[in-house]
Each structure stands twice: as C-alpha cells, then as structure tokens.
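An overview of the molecular structure
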Amino acid sequence: MSQTPTKGRKPTFPGSLTDLHRFRKTAHGHDGSSRIVMVRKTDQRTFASIKKGQEPTLETITRETIETFRGQRTECKITTEKKDFENRCPQDIIEALADRGAQTLKRTIIKKPNQKMDFQQECLRAHNEYRRKHGVPPLKLDKEMCKFSQQWADSLIKRDVLQHSNNREYGENLFMMQSSNPNFTVSGKEAVDTWYEEIKVHKFGMEPQSLASGHFTQVVWRESRNLGVAFAKYRGKVVVVANYYPAGNLIGSFSENVPPPGGFTPLNNNNIEIQGRLSRLSLSSRSSNRDLRSVTEGNFEEDFLEAHNKYRVRHGVAPLKLDKKLCKYAEEWAKHLASRNILEHRPESNYGENIYCLYSSDPSFTINGNAPVDTWYEEIKDHPFGREPSSLKSGHFTQVIWKSSENLGVGVAKSSQGSIYVVANYFPAGNFVGHYVENCPPLRPAFYNGVSESMAKRKPTSENLQTYADNKSSVLDLDTFSKETLSIHNEYRRKHGVPDLKLNPEISKFAQNWADTCARTASLQHRANNQYGENLFSMYSSDYSHVPTPRDAVKEWYDEIKLHTFGVEKVSQGCLHFTQLIWKNTTDLGVGLAKNKKGQTYVVCNYHPRGNYGGQFAENVPKPKS
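Residues numbered from 1 in each chain as written. Predicted model: local features only at pLDDT ≥ 70, side-chain atom pairs only at ≥ 80, totals over all residues. Heavy atoms only, no water.

According to the UniProt record, the Subcellular location (unreviewed entry) comment for the chain is "Secreted". (UniProt positions renumbered as here; feature names shortened; annotations may be inferred.)

The structure is reproduced here in structure tokens:
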C-alpha cells in the first residue's frame, strides 16, 4: 500500500532514486514507525584495449550496488562486479588504438634534449674518430674537467676575450666563432675539425719549429686520456674550451706522442724502447770518462748558474738554485748525446730542458759557463712579450727566465769527434702552452740599456707591443687606413645618390682618442655626450699581428641595410650604423684605429653633422639607385 507524499513537503531522497517503497510492518518485522529503502545501481562500461603481440579486445565491466536505508542511515551496502570480454573489435576502434599506441610510444622515446651533454658527446666522438686514425687510445669524458672547462668558457664569454687559463694541470684548446645572427651555434665536431685541420702544417717524427699545429697535436696526443669540454654563448658569439689530461704539447715529446695517420709503424712503436736501450748501453760502455776540467773553464757549474740568474734578475724573476741530483740527470743525457754525436731532447722527461753543442777542430778547446746561456738568451729578439708565442724560436730563452722554475741542473760531455754537449734541466719545467704571459715578463726598465745595440735599434713590430708600447702608433698606418675608409664610405653613398664625405683632421683626432680608450679598456661602447654621429667596430684575432681592413668595418655597417625599411620613420635599432653611413646631410668624416696587446682592434668613425635624427630618416636615407 503506497502513500502519497504531503503537498509542499520535499522528498527525503534525491529524485533520481525512484525505488522508494513503504512496507507493512508484518512483512519485515519492524514496528510501524520504521521505513526501509532499498536502492539498486547498475553501472556498465566498455573499454577497448590492445596488448603487445595480441589482438584488440572489448572489455565490458558491469558493477551493481544494492544499498538499504533505515530512515536516513545506511543499513547495508553490497557491490558486485562482472567482466565480459569480446574478441571481435570494430575496425574504427582498432585504428584508433593503433594511432594512440604510436603516439604514446613516441612520447616515451623522445626525451627533452640536453644541449650541453649532446655537445660534449659530439665533441668526444669527433676527438676519438681522429685519434683512431692515428692509432692512439680514445679519450674519456671527465665530469670534473667538463665543469672546469665550463667555468673558463663562461669567464671568456663574460669578459669578451679569448685567452688560455692559468691552469697548469691540463692541456687546453680554445675555439671561438662569431656571427651577426644571435641564434648562431656551433657543433662539437666543428670545433674539433678546425683544430685537426692544423695537421697540414705539422711535420711528423720531429720536434716542431712553431706552435702552428698545437691544437692538432693536442687532439691526437698519445698520452692524453681524459677530456673535459664545454661551450658558452652570448648573442652571436660562441666560445669552446677543451681540456686534456695528461696535458700534451710538451717540448721534447712530440715525436713519440704525435704519430702520423695510420699510427706508428712497428719500428716506430718500439722507437722509445730502442732509444732507451741504446741510451743505457751507451752510458755503460761508450761514455767518456774524461776529466771535465779539460773541457770546461773555471768553475763551470757556478758560472752557468750565475749567468742564468744575471738574466733572470733583468726580468724581475727569482734566481735559480743548483741541484746536484738534477746535475747528475743532465750529465747522463749529455754523455748519451756525446756518445752518439747527435743533438736531441730526452724523450718523456719530467724536467724542462735546454741543449747546446759547440764544435772545434782544436782538441784543447774548452767552454765556459756563460757561452751556452748567452746563446739561449739571444732568442729574446724572437719572443712576443705579453702573449702566447706562435713559434718555438724563443724556447731556450723562455726556459732560462721562466718564472716558475726554481732548480737547475747542468751536465757537460765531449764526443770523440770534438763536439762539446751541454744539457741544462729545470724544475719545475717551463714552456707550458697557455702560461707564457705570466712566466716570461719583459725586461724591467732599468735593464733596457743592457740589451744589445742591435735590439735597441730594432723597429717595433706587432710581436713586441709590450716592450714598445710607447711606439704603438708606428705599428698601424693610420693615414692609409683613414683614406681607404673614406673611399669605401663614398663608394656606398654613391649607390644611394648622396654626396661624398670628406676627411676632417680634427674629427679624426677626436675619433682616434676614443679608439685608444676602447683599446686600453678592452671595451666597445659609445662615447657619452658625443657631439658627432658615431659608428664603432671591433675585431679579435688570435693572430695578434692581424689588422682588419677598412672594408671589414664599413661593410659590416652597410650590411644592416637588410634590416632597414625605406620611406618610414619607424627604424630598427639594428640598422643605425647603415643609416649613419649614408645619411644625406652628413658631410665630414673622422677615423680612428687602435689595437691592444690582447689581439683586439677597434675602429671608430665620427660624422658631422650627425645623423639618425627622428623624423628625418625618409629624406636622409634614400633607396639604392636601380
């Protein structure tokens, strides 16, 4: 018997629950004041799924819930679940499953690229491909060395310079490339390819006469085992730093560490061992036991040490101390050279080494301690102070005054043919690439008069900017540079039908003053409160004697034409060098050029009347003539 709800009274349960009944008390054993409600819910869902190697299936899950209430309180709740499978799956569902599976697989496989790790791995592969060509062991990537390389790369890009670090533990290769495209990047292989290309100037089987192949030799250096590499980028400039351990490019060790393509021949592979056996044999059975007093004059060792320290004090570095064990070590190699009557460095030596040979047909000829040192020191005329040398012409001189060296050993021997051999060993060793600037200081002013007359009269060159800093204006032909700069300006201006400029001496003096400031501070920035228009240009080269041409600067400014929209006043900041260059109302030009000892060259051009006035671009920057 059902009962009609009272009008205006809200139902006790939601309207969706329609299975509401009132039962007689005798039917359920309750008193007349109780009411039992039973709710049955059925939920059915069908899923399409596919497993690897199996056919697609349809899975239907039926879930039924029965819940009873006494008043508003749940009395009992029971849930049952049933699964049914259907192997026949509609074709459109099968296709959708296949597409979804492919997308899921793609998402799991494709990982977000790590640019730095990819660069390091690519650089490592490029190194080992080249090393494999030369038959030397592969390098392994070292995380700590990579961190060190990254720190130095970040430092270089921040300071906008390219110079070797002061690290003495690792070998080091540097690479830099720049583009006007701010999104420009380089690959790890590109840097290594550039270093390896120096193979064309390397002579295998001998000590190099210059450092022109130094990047290549470090790439394939046999004893190097670990690699650290990193890059840093700012705008369009990329710097790459690679470090190697153990370090390569040790003087006296090139022939056994830089094999030709294909590796050492069987004979060459045993070269070091054979040399060692011959050395021991010659020392034991063929060495001369002559009394050195019959070969040398005075107290040779003391004179030899004093000659070193006389020159070292001229450069403001600490004196050396004579080491008896080092003297014995040097004498062994001197006797070896005398027994074979050859002049060559000892392979795999842990010390710096200078060698000297003098021959005389007079059997009673002797040598004093000053002669070898004076000869080595004369190489000062070939040394470029303030930067890394590009050749080994001054290698004996730099070892003599190497600031970090503390101990000296010397040995002398005379061959049966009449040649006297002198070997000097130094500890710690000198001539480490990347450390010349801090270890080879120039002559102190008080000793300039002590330089030979030929050196004092020598004209300053770009390799001696440190010694001849006061004469820097004579290195650069400013007059010719200014005239060519003017000519190229007018060449471009004629394309646009605007009048030629003329060179103004006063404005050129003004421009030169600022160029000198930029070079001295190694920064490229516009002069504040400038009454003239101004264009700036800077170029760096690891060849410190390189000077950019006027066209290098003016063409870079003119190439901004591609960013300019003619006939409008809204002008991009990226084309203001171009617009000043051809500004119609400008009549006078001043040119300045300066270079510093870091390899940076600065060009400053000033213009009168100045250009780039807002509201005047359309009338002063005409299109090129067709």
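What follows picks up the thread again.
Comments concerning the packing of aromatic side chains
Inspection of every chain in the model, using the stated rule, returns 21 aromatic pairs. Where Trp221 meets Phe254, the ring centres are 5.2 Å apart and the plane angle is 90 degrees; that geometry is what we call edge-to-face. Remark: Phe254 occurs in helix 7 (residues 254–257) and Trp221 occurs in the loop between helix 6 (214–219) and strand 6 (226–234); sequence separation between them is 33 residues. By relative accessible area, which is 3% here, Phe254 ends up buried. Summarising the aromatic geometry, the rings of Trp583 and Phe617 are spaced 5.3 Å apart at their centres and angled 90 degrees between planes, so their arrangement reads as edge-to-face. (Phe/Tyr/Trp six-rings, centres within 6.5 Å; stacked < 30°, edge-to-face > 60°. Helix = DSSP H or I, 4+ residues; strand = E, 2+ residues; numbered from the N terminus. Buried < 20%, exposed > 50% of the residue type's maximum accessible area, 1.4 Å probe, protein only.)

Structural notes on the pairing of strand 15 (residues 600–608)
The element strand 15 is extensively covered by neighbouring structure, given that 8 of its 9 residues are classed as buried. Two strands pair when backbone bridges link them, and strand 13 (residues 533–540) and strand 15 are joined in this way by 8 bridges, in the antiparallel orientation. In the sheet register, Ser538 faces strand 15, and the bridge partner there is Tyr602. In this structure, strand 14 (residues 588–595) lies alongside strand 15, joined through 8 bridges in antiparallel fashion. Bridge pairing in strand 15 links Leu589 to Tyr607. (Pairing = 2+ DSSP bridges.)

Thoughts on the sheet that holds strand 10 (residues 407–414)
Backbone-to-backbone hydrogen bonds pair the strands of a sheet. The strands run either parallel or antiparallel. Strand order in this open sheet of 4 strands is 8-10-11-9, and the pairing throughout is mixed. Every interior strand has two partners, whereas the edge strands, strand 8 (321–322) and strand 9 (352–359), have only one. The sheet contact formed by strand 9 and strand 11 (residues 419–427) spans 8 bridges and is antiparallel. Residue pairing across strands places Cys357 opposite Tyr421, the latter belonging to strand 11. Along the sheet face, helix 10 (residues 300–314) touches strand 8, strand 10 and strand 11 and points at about 130 degrees away from the line of strand 10. Packing of helix 11 (residues 324–340) onto the sheet brings it into contact with strand 8, strand 9, strand 10 and strand 11, and relative to strand 10 it is tilted by some 30 degrees. (Contact = heavy atoms within 4.5 Å. Axes fitted to C-alpha atoms, helices over the stretch in contact; angles between N-to-C directions.)

Focus: unusual backbone geometry
Cis peptide bonds are those with omega within 30 degrees of zero, and the linkage from Phe427 to Pro428 qualifies with -10 degrees. By secondary structure assignment, the location of Pro428 is in the loop between strand 11 and helix 14 (436–439). Omega for the peptide link from His608 to Pro609 comes to -10 degrees, which places this bond in the cis form. Examined against the element boundaries, Pro609 turns out to sit in the loop between strand 15 and helix 20 (617–620). With a phi angle near 60 degrees, Asn431 is a residue other than glycine that sits in the positive phi range. Mapped onto the fold, Asn431 is located in the loop between strand 11 and helix 14. In this structure, Ala522 takes a positive phi of about 55 degrees despite not being glycine. Tracing the sequence through the fold places Ala522 in the loop between helix 17 (505–521) and strand 13.

Structural notes on the nonpolar core
The biggest cluster of nonpolar side chains holds 29 residues, and the ones touching the most others in it are Phe304, Trp376 and Val422. Where this core is concerned, the elements lending two or more residues are helix 10, helix 12 (370–377), helix 13 (395–401), strand 10 and strand 11. In contact with Phe304, not counting residues within four places along its chain, are Gly369, Pro372, Val373, Trp376, Leu408, Val410, Val422 and Ala424. By size, the runner-up hydrophobic cluster in this structure holds 26 residues, among which are Phe119, Trp221, Phe231 and Ala242. (Core = buried A, V, L, I, M, F, W, Y, C linked by side-chain atoms within 4.5 Å.)

A closer look at the packing of helix 3 (residues 115–133) against helix 5 (residues 188–196)
Viewed as axis vectors pointing N to C, helix 3 and helix 5 meet at an angle of 35 degrees, and their least axial separation amounts to 7 Å. When the axes of helix 3 and helix 5 are compared, the crossing they make is right-handed. Taking contact as the criterion, the partners of Phe119, Glu122, Cys123, Ala126, His127, Tyr130 and Lys133 in helix 3 are, on helix 5, Gly188, Lys189, Val192, Asp193, Trp195 and Tyr196. (Left-handed = near helix turned anticlockwise from the far one by under 90°.)

As for the sheet that holds strand 4 (residues 140–141)
A sheet is described by the order of its strands in space; here 4 strands give the open sequence 4-6-7-5, paired in mixed fashion. The strands lining the two open edges of the sheet, one partner per strand, are strand 4 and strand 5 (171–178). Bridge analysis of strand 5 against strand 7 (residues 237–245) gives 8 bridges, and the strand direction is antiparallel. Each bridged residue has a counterpart across the sheet, and for Asn173 the counterpart in strand 7 is Ala242. The strands touched by helix 3 are strand 4, strand 6 and strand 7; relative to strand 6, the strand with the most contacts, the crossing angle is about 130 degrees. Across the sheet, helix 5 touches strand 5 and strand 7, and the angle it forms with strand 5 is around 115 degrees.

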